[in-house]
Every structure is written in C-alpha cells, then in structure tokens.
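One letter stands for each residue in the lines below.
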Amino acid sequence: MDANKNAYTRREFVKTAALTTAVIGMPTIVPSSVFGKSAPSNKINIGQIGCGRIAMTHDLVETFKYDKARIMAMADLDRPRLLSGKKVIEGWYDKKMGKTGYIDIKAYDDYHALLANKDVDAVIISTPDHWHAQPAIEAAMAGKHIYLQKPTSLTIEEGRAMSNAVSKSGVTFQLGSQQRGDKPWPQFKKACELVRNGRIGKLHTVNVGLPADIVGGNTAEMPIPEGLNYDMLLGSTPWVYYTLDRAHSTTDVGSRGGWLRCEQFGAGMITGWGVHHIDIAHWGMDTEYTGPIEVDGHATFPKTGLWDVHLDFDVRAKYANGVTMLINSKNTNGIKFEGTDGWIFVARDGGGVTASDPVANKNAAFTASDPKILTSVIGPNEHHLYADDHEQHGNWLDCIESRKPTISPVEVAHRSCSACLVAHISMKVPGKLHWDPKAERFTNSVEANKWLSRPQRFPYGTNYVKGV
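For the structure given in this document, a descriptive report is provided here. (Residues numbered from 1 in each chain as written. Predicted model: local features only at pLDDT ≥ 70, side-chain atom pairs only at ≥ 80, totals over all residues. Heavy atoms only, no water.)

## Here's the deal with the packing of helix H13 (residues 274-285) against helix H16 (residues 410-428)
It is at 9 Å that the axes of H13 and H16 come closest, and there the two elements cross at 115 degrees. In terms of their interaxial angle, H13 and H16 are classed as roughly perpendicular. At the point where H13 passes H16, the crossing takes the right-handed sense. Along its contact with H13, which presents Gly 274, Val 275, Ile 278, Asp 279 and His 282, the element H16 presents Val 412, Arg 415, Ser 416, Cys 417, Ala 419 and Cys 420. For the contact of H13 with H16, the class distribution of residues is six nonpolar, three polar and two charged. (Axes fitted to C-alpha atoms, helices over the stretch in contact; angles between N-to-C directions. Helix = DSSP H or I, 4+ residues; strand = E, 2+ residues; numbered from the N terminus. Parallel < 35°, antiparallel > 145°, perpendicular 65-115°, else oblique. Left-handed = near helix turned anticlockwise from the far one by under 90°. Contact = heavy atoms within 4.5 Å. Nonpolar A, V, L, I, M, F, W, Y, C, P; charged D, E, K, R; others polar.)

Put into structure tokens, the structure is as follows:
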C-alpha cells in the first residue's frame, strides 16, 4: 500500500474529526468579571489526550497546580475512562473555585476533534508508547504546544519524523523527563554539572541501572469492553484479540497497564525507565544531540505468558568521545559517572513519579567517591546547566509564554529515546553493531536496520500523515 497515496492533509483530518467525533458537554460560559486576571482569555487552554494512569495521577495533577493553565478538554478512546476523567477534573475545579458547575470539560472520543478545537492552545499527550509520535506530529501541524510523555516514539524512524515536524512547526515542546527539573530531584542537574566541570576528572564510564520486567499476563481472549474503541487502541500495530492484560491496567486506572509489557506497543523498561536515566547520562556526558557509535547487548525474553518485553539485560554502548555506557538490570537503579579522579552516583529519592513505579533506590540517592565532591560549588565562570524553579510541567507553561526553549526540547528527547531503541535492537541482533548517529543507521547490519521502523496498519501511524 502506498503511504503517500493514502495520506491525509491537515485540513482533511480536521474536517473528518469535526464530523465524526462525538463531543460530550459544552464549556460553561462564565462572565469575565468573575475571573479578573484569571479570565479564560488570560490562561493557556490545555487539552488532555489520554485519561489513564500517568494522566490522572501525574500530568494533570501537576498541571492543575499552575493558575496560568486551564484544563478545558479531554480525549480518550475508552468512553468510561473519558467520562471518569472529565468528572474528576470538574470536581477539582469545583473545589478550587468554591462553586459547583464551574466548568464543563469538553470530552472527545477521538483526539483529532480535540486538535481541531481552536480554543485549545496546548496538549498533554499521555497515551501508550505506540500512540506518542503520531498525535505529537498532528498537534504540531495544528499549532498546539506539546507536553509528551516519554518515550517519544515506538521506533527511531517515527521519532525522527516527530522531531522534524515539531521543529518545523515552532510550537513549544516538552518531554516528560522529570529528572531534569530543579524539582523534585535537583541532584540530577547537580551531578551533571559536577561531571561537566571536571570534578571527577576525565569521564570514561557511565553505569546505568534500570529495572527488568516480569513474566506473566493472562492470554485468554475476552470480549471487547463496551465503550472501548479497540481498533484505535491497537493503532498502527497489528490486529490481535482483546484481553485485559494486554490493553488495560490489570487492576485500576492507577496501576501500570498491561500494554507496557507487550512489545507490540513498546520496548519495555529499556525505554520506559531508560529514557529517564539515559537522558541524564547524556546530559552529564554532553552528548544530548548524538548517540552511541557502537553497541553490543543481550537479554532474556519470556517464554510463557502474554507479556513479552525483555527481562534481565546487559548492553554496552560506546560513544565517539571515548566514554563507555554500561546499561543493565543488575546495576543499582540510577546513574554512576566514573572518571579518572573519582565517581558520582545519582538516583531518585522518595520513590518514582507515580505510586505504581518500581522503587527507584533504597540507598542514598546522591553519593560520591569523596563527599567533598558533592558540596563543590560551581563557579560563575564554569559551565551551568539549564536552571528553572519549576518542575517539568511548570517549565513547559513558562516557555509557552516566553517562547524560550524548554528543559527537555524535542531533539534532545528524540536522542534519549533513540539511544534506548538502539540498545533494544542490540538485544535482538547478535554481535557488535556500529551505529551512525548522524545518519541514524547501522553501518554493518542489514538485520539491525530492519528494526528502525515497523509496518503500520492503515489508517493509523506516522506514514499516513501527509507532510511528515
């Protein structure tokens, strides 16, 4: 099938969405005198795409804290989840404003209609991994600012298309890589500044510790739940029968979804947590706009059950600056920078982003070979990294107003994800692989290059968005 022949234009997708998508509720009209400086016209109107775990327990919770943001629309292909999310957000506003019926959130069964809403200024995309690149591209085409949950894409070719489209559009983009912000974990930036300013001598090795996943998942076919657009949930990936452990959280909206453990929809922990830690490794290594040049890895994969993402794994990656990155599931969760004069280890404290994340680190979250390294002051003439008083969502909102780059801009986000995907490919293709980070191709393996993209099931996928 010719992708270009079946591609649709921005005008066509907006028209189609407006005609075919159900809209639940209309916004309450409140006199501007009620708001004053808080009038809707003075706020950044936010549309939420995806109403699951990470949206309801993290993205919306954080965004709601900022008065400059006004959550006004939501989209989800699961009707019960959509209506539940709508009710929760309306309840938040009722409590905040001290009145019932303060706002009636627009609710859409298809995110294309949300993008067609001219009142929406920006979107938060909190969908499964295989539904990241396409809506981000379409949001950029529609002129919407974008907060995208990690990882940026299912494949490297999708990620490249997304980065190019966002860069071309000029919209403000932020990746949900919360470890870069001064809140809640300032130790990551401090560690990277210390490394970049030579406090451990010449950097030669970076050890990245990530979780491994688990075996399991019920393989029994089940009826598709009422109100779920299962065809759209599968999106660009192949058709497979519905079962709860494949498509939804195994308990409730606050738990990790089974799709996180299915290779059909993502790569597993190597991108799920890897994007966070490899992003910090790149920050400290000063390799944010490139990637490894060699990679060699192996992993164990489940032989039973529904879930098929990698279990224990070990990957060795070499960078052009001579640094070796060792990424595996045996290292302590976090990043350890090793230099000629010492080392620094950094991790999260206080657990993960959400309650269902794996425990980050039970040991000290910021240590060094010499404690004096950690108290070293970065001088005014030394290298200082991006500083911002807010966490990731607040930084994004500030940058929408100021038009300054965010702390996790799109190309940096793509490079963090692509390094993870290169590592994942090395788990699949035996032997040392040579990677050209500029061309984004392997130079010694036809088999490895086959993993740079995946067939896309029409009409879903980045191949069917014209202009990408």
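The discussion continues.
## Considering the environment of Leu 374
Counting through the fold element by element, Leu 374 comes out in helix H14 (residues 371-374). Each C-alpha atom, one on Leu 374 and one on Ala 191, is 7.8 Å from the other, the two residues being 183 residues apart in sequence. With near-sequence residues (within four places) excluded, Leu 374 lies in contact with Lys 190, Leu 194, Ile 344, Phe 366, Thr 367 and Ala 368.

## Side note on the nonpolar core
In globular proteins that are soluble, nonpolar side chains generally tend to be buried together. Counting 101 residues, the largest nonpolar core has Ile 146, Val 206, Met 325, Ile 327 and Phe 337 as its most contacted members. No other element matches H16, which puts 10 residues into this core. When residues no more than four places from it in sequence are discounted, the contact partners of Met 325 are Val 206, Val 208, Ile 278, Ala 281, His 282, Met 285, Val 315, Arg 316, Ala 317 and Tyr 319. Ala 69, Ile 124, Trp 396 and Leu 397 belong to the second largest nonpolar core, which has 23 residues in total. (Core = buried A, V, L, I, M, F, W, Y, C linked by side-chain atoms within 4.5 Å. Buried < 20%, exposed > 50% of the residue type's maximum accessible area, 1.4 Å probe, protein only.)

## Section: the pairing of strand S11 (residues 324-328)
With five of five residues buried, S11 is to be regarded as a mostly interior element. Of the two faces of S11, the one lined by Thr 324, Leu 326 and Asn 328 and the one lined by Met 325 and Ile 327 are each fully buried. Across five bridges, the pairing between strand S8 (residues 203-209) and S11 is parallel. Paired with Val 206 across the strands is Met 325, a residue of S11. Pairing analysis gives five bridges linking strand S10 (residues 313-318) to S11, with the strands arranged antiparallel. Its bridge partner lying in S11, Lys 318 is registered against Thr 324. (Pairing = 2+ DSSP bridges.)

## Thoughts on unusual backbone geometry
In this structure, the amide linkage connecting Lys 150 to the following residue, Pro 151, adopts the cis form with an omega of -10 degrees. Here Pro 151 is to be found in the loop between strand S6 (145-148) and helix H8 (156-169). Cis geometry marks the peptide bond from Lys 183 to Pro 184, where omega comes out at 0 degrees. Among the secondary structure elements, Pro 184 is positioned in the loop between strand S7 (173-175) and helix H9 (187-196). Even without a glycine there, the phi angle at Asp 286 is positive, about 60 degrees. Take Asp 286: it is sitting in the loop between H13 and strand S9 (294-299). Even without being glycine, Glu 440 reaches a positive phi, approximately 55 degrees. Mapped onto the elements, Glu 440 comes out in the loop between strand S15 (433-436) and strand S16 (441-442).

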